[in-house]
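# Analysis of the macromolecular model
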Amino acid sequence: MKKKQLKDVSTPLPPREGLGESLLDELVERRGTGCVKWDESPSEDVIPLWVADMDFKAAPAIQEAIKKRAEHGVFGYTHVDETYYEAVISWFQRRHDWTIRREEILYTMGVVPAMSVAIKALTMPGEKVLILSPDYNCFFSSVRNNGCEVLESPLKSVTNSKLYTLSSQFSFEVDFDDFETKCSDDKTTVFLLCNPHNPCGRVWTAEELERMNDICLKHGVKVVSDEIHCELIMPGYKFQPFAAVSEACRQNSVILNSPSKSFNIAGLQTANIICSQPEWRRRLDRAININEVCDLNPFGPVALKAAYNESEDWIDELNQYIWGNYQALCAFITENIPQWHVCRLEGTYLPWVDISATGMTSQALADKLLAEAKVWVNPGTMYGPQTGEGYIRFNIATQRTRLMEALKRIKDAL
């Protein structure tokens with residue numbers, strides 16, 4: 001398998017066109033709105049760069065659609081009509097060349113509830129669910145909450161100064177020998193994949209995904225792919241839906257996705273489970289109802305349709321803005337905190353930073369930054385007690401002025 005040549009992170013950004021800088025550079029005051037990211041801060045002078053929640057206003061089309069729905073004034077139980085399914089199918093066909101059939105779609109309240117549904121539907125208590133660690137923290141809790149055991153296959157850190165520039169000097173790959181060993185465990189029945197990967201920022205290639213599936217099929221392991229970050233892709237990379245790799249991948253997978261992360265509408269609680277296997281789908285539908293996550297609020301479907309039907313230019317602009325923030329982060333760290341190293345960001349807005357050279361634990365450094373710099377980041381151990389040690393995770397989906405202020409505070413504190 002040929003390795004994908006990674007693009008130079010120092011490549012200048014193309015001219016910004018269309019929406020202009022002001023829409024994303026506008027400072028939005030979120031304190032006092034019941035905002036988890038900002039209102040849970042221990043003091044008002046903290047800059048929160050932790051939970052995966054953007055500080056940008058939703059796309060104009062989404063705002064207008066929600067205003068129009070709110071003007072009706074009645075917010076009863078919500079019927080999901082065919083225009084909802086048409087929006088989902090059209091988006092993934094034109095954006096990612098993935099053909100989804102209407103009957104394959106089951107809606108629910110969020111990707112984390114969908115994850116719990118998939119584990120409940122496809123496993124028995126006591127079985128093992130394989131993950132690639134470090135991994136999204138809710139993977140651990142969702143597996144355990146459904147009576148299963150988390151089985152970790154650690155990702156391999158890969159360093160090559162010829163492929164990485166600025167302070168971005170490493171990335172991650174799957175250790176396929178270890179992955180197959182873990183799949184061959186008789187108790188392993190599901191592989192829970194994060195695609196793109198949070199927190200390591202990988203956008204898995206079709207070749208990697210096909211190899212994962214080949215191993216899973218060999219050992220009778222079903223694939224559940226969390227693809228919530230699928231629209232947050234950096235220049236030079238292309239998202240590959242797991243189910244669109246091959247017919248074999250389609251038949252052996254359950255896909256979880258939502259516009260919530262990419263379009264910053266997580267509070268509207270809308271997500272989809274996509275599965276081609278009728279028997280699995282029957283079990284998934286049953287688990288949705290057992291878990292009581294079967295109803296959407298009146299604004300979720302409206303927002304989804306506005307996102308998928310009218311906001312493609314907005315998401316393209318957003319990705320360019322995040323890429324610019326990532327470049328600014330790398331440049332600042334190279335110049336001011338050279339003992340840190342930033343993982344290559346291919347997707348998401350959550351750079352993974354190696355701080356092991358400081359000699360501090362992840363938790364100790366995160367605590368220090370919160371107390372002394374007034375900057376809130378996530379310790380790497382949230383994403384795996386062993387595999388996440390020596391790292392911290394940043395959320396750079398904020399206005400660039402806020403990001404640079406946070407980085408200056410960190411420099412002063414260190």
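Along each chain, the written sequence defines residue order, and numbers are assigned to residues from 1. Owing to the predicted nature of the model, reporting of local features is limited to residues with pLDDT of at least 70; listing and counting of side-chain atom pairs is limited to 80 or more, with chain, interface and lining totals taken over all residues. Each side-chain value is derived from all of the structure's non-hydrogen atoms; neither hydrogens nor water enter the calculation.

We now examine the pairing of strand 7 (residues 188-194). Three exposure classes are used, based on accessible area relative to the maximum for each residue type with a 1.4 Å probe and protein chains only: buried under 20%, partly exposed in between, and exposed over 50%. We count a stretch as a helix when DSSP gives it H or I for four or more residues in a row; a strand needs E for two or more, and each element gets its number in order from the N terminus. Of all 7 residues in strand 7, 7 are buried; the element is thus mostly enclosed. Should DSSP find at least two bridges between two strands, the strands are taken to pair. The sheet contact formed by strand 3 (residues 128-133) and strand 7 spans 3 bridges and is parallel. The residue bridging Leu130 from the neighbouring strand is Phe191, located in strand 7. As judged from the 5 bridges shared by strand 7 and strand 8 (residues 222-226), these two strands associate in the parallel manner. Residue Leu193 lies in a different strand from strand 8, and its bridge partner there is Ser225. The crossover handedness rule: strands pointing away from the viewer, path from first strand over the helix to second strand clockwise, crossover right-handed. As for the winding sense of the linkage, the β-α-β connection from strand 7 through helix 8 (residues 206-218) to strand 8 is right-handed.

Multiplying 1.5 Å by the helix residue count minus one yields the expected span of that helix. In this model helix 11 (residues 299-310) runs 16 Å from its N-terminal to its C-terminal C-alpha over 12 residues, within 8% of the 16 Å that 1.5 Å per residue would give. When you tally the buried positions in helix 11, you get 9 out of 12 residues, the bulk of the element. Among the residues of helix 11, those classed as buried are Phe299, Gly300, Pro301, Val302, Ala303, Leu304, Ala306, Ala307 and Tyr308. Of the surrounding secondary structure, the elements contacted by the buried residues of helix 11 are helix 3 (60-72), helix 4 (82-96), strand 10 (271-275) and helix 12 (312-336). For this analysis, residues touch if any pair of their heavy atoms sits within 4.5 Å.

Bringing the packing of aromatic side chains into the picture now. Classification of ring pairs rests on two measures: the distance between centres of Phe, Tyr or Trp rings, Trp counted by its six-membered ring, which must be within 6.5 Å, and the angle between planes, read as stacked under 30 degrees, edge-to-face over 60 and tilted in between. As enumerated under the stated definition, the model contains 21 aromatic pairs in all. Seen from their ring centres, Phe56 and Tyr321 are 5.4 Å apart, and the 85 degrees between their planes marks the pair as edge-to-face. Residue Phe56 is located in the loop between strand 1 (47-48) and helix 3, and its partner Tyr321 is located in helix 12; the two are separated by 265 residues in the primary sequence. There is no split in this pair, since Phe56 and Tyr321 are both buried. Relative to Phe172, the ring of Phe170 has its centre 5.7 Å away and its plane inclined at 75 degrees; by these criteria the two rings are edge-to-face. For Phe170, a relative accessible area of 4% puts it in the buried group.

A few words now on the packing of helix 13 (residues 362-373) against helix 14 (residues 400-413). The interhelical angle for the contact between helix 13 and helix 14, taken along N-to-C directions, is 100 degrees, at an axis separation of 9 Å. Our classification of the angle between helix 13 and helix 14 gives roughly perpendicular. Where helix 13 abuts helix 14, its residues Lys368, Leu369, Glu372 and Ala373 lie against Arg409, Ile410 and Ala413. Polar here means any residue other than Ala, Val, Leu, Ile, Met, Phe, Trp, Tyr, Cys and Pro, which are nonpolar, and Asp, Glu, Lys and Arg, which are charged; Gly is therefore polar. Looking at the contact of helix 13 with helix 14 residue by residue, the classes come out as 4 nonpolar, no polar and 3 charged. Between N-to-C directions, angles span 0 to 180 degrees; the directions come from axes that are lines fitted to C-alpha atoms, helices contributing only their stretch in contact. Angle categories: roughly parallel below 35 degrees, roughly antiparallel above 145, roughly perpendicular from 65 to 115, and oblique for all the rest.

This brings us to the pairing of strand 3. Counting buried positions over the 6 residues of strand 3 gives 6, a clear majority of the element. What you see with strand 3 is no split at all: Lys128, Leu130 and Leu132 on one side and Val129, Ile131 and Ser133 on the other are buried throughout. Bridge count for strand 3 against strand 4 (residues 149-154) is 6 bridges, and the pairing is parallel. Note that in strand 4 the partner of Val129 across the bridge is Val150.

Consider a sheet: its strands pair through backbone hydrogen bonds, and that pairing is either parallel or antiparallel. Across the sheet, 7 strands lie side by side as 2-10-9-8-7-3-4; this open sheet has mixed pairing. Each having just a single partner strand, strand 2 (105-108) and strand 4 make up the two edges of the open sheet. Across the sheet, the mean angle separating the axes of adjacent strands is 25 degrees when strand polarity is ignored. One ladder, built from 4 bridges, connects strand 8 with strand 9 (residues 253-257); its direction is parallel. Within the sheet, the bridge partner assigned to Val224 lies in strand 9 and is Val254.

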